[in-house]
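# Notes for the structure review
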Amino acid sequence: MLKQVDNREGWNAAFYAAQGGMLKFLKLMADKGIDMTNNIKLGRNILHIACVSSRLEMCQHIVQHYPDMLNQVDNEGWNAALYAAQGGNVEIIELLAENGVDLTHKNKHGFNIYHIACMNSKLEMWQHIMQHYPDMLIQLNNDG
């Protein structure tokens, strides 16, 4: 049952644990042989899900135990930093930056973390980006 995959999106139990921040459950699943490195149909991984869900402790665990996920990009060109900007947790953006994730990365539509933070009304994230990455404020997306 733990190894079942949701046929709509391809989520296994690890994705639901990452979304809910259930670190103890994720560790148990890893011990039981559940594939933590599986990507869903859209190309997202459990780090992407933990970032957008603002699950700091989960992100710390994934970064430590599955570092290959740090620089993975999904089918729409989103990396972990873009998902963290959408989730709005500044500590997660800082964790990703400390571990070499490209915070200047843009998705297929040319959106950067600043654009994503603004579109999702993440004021604290917006302020952090403005203070630490001011060049992003003038960048344009693909539509100008």
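Before going into details, it helps to say that this report is about the structure given with it. (Residues numbered from 1 in each chain as written. Predicted model: local features only at pLDDT ≥ 70, side-chain atom pairs only at ≥ 80, totals over all residues. Heavy atoms only, no water.)

This part is about the overall build of the chain. Assigned secondary structure in the chain consists of eight helices and zero strands. Order of helices (α) and strands (β) in the chain, N terminus to C terminus: α-α-α-α-α-α-α-α. Dimensions along the principal axes, computed over C-alpha positions, put the chain at roughly 50 × 25 × 25 Å. The proportion of buried residues among the 144 residues of the chain is 47%. Sequence-distant contacts in the chain: of pairs separated by 6 or more residues, those separated by 24 or more amount to 65%. A total accessible area of about 7,700 Å² is found for the chain, and carbon and sulfur atoms account for 48% of it. Across the chain, the mean location of the 11 positive side-chain charges is 10 Å away from that of the 15 negative side-chain charges. (Helix = DSSP H or I, 4+ residues; strand = E, 2+ residues; numbered from the N terminus. Buried < 20%, exposed > 50% of the residue type's maximum accessible area, 1.4 Å probe, protein only. Contact = heavy atoms within 4.5 Å. Areas by Shrake-Rupley, 256 points an atom, 1.4 Å probe, with all protein chains shown as cover. Lys, Arg positive; Asp, Glu negative; His and termini not counted. Charge placed at Lys NZ, Arg CZ, Asp CG, Glu CD.)

Moving on to a nonpolar patch on the surface. Among the surface-exposed residues, Met-130, Leu-137 and Ile-138 lie close enough to one another that they form a single nonpolar patch of about 270 Å² accessible area. Within the element layout of this structure, Met-130 appears in helix H8 (residues 123-132). Taking the relative accessible area as the measure of exposure, Met-130 reaches 34% and is therefore partly exposed. (Patch = residues over 30% accessible without salt bridge, like charges linked within 9 Å, V, L, I, M, F, W, Y side chains within 5 Å. Salt bridge = Lys/Arg side-chain N within 4 Å of Asp/Glu carboxyl O.)

With that settled, the discussion passes to helix H2 (residues 23-31). Of the positions making up H2, those classed as buried are Leu-23, Leu-26 and Met-29. Seen from one end, H2 has its buried residues packed into an arc of 120 degrees, which puts them on one side. For H2, the exposed residues set more than 90 degrees away from the buried face come down to Lys-24 and Asp-31. Positive backbone phi, at 90 degrees, marks Gly-33, one or two positions downstream of H2. (Arc of directions from axis to C-beta.)

Read these as spatial facts, not as claims about activity.
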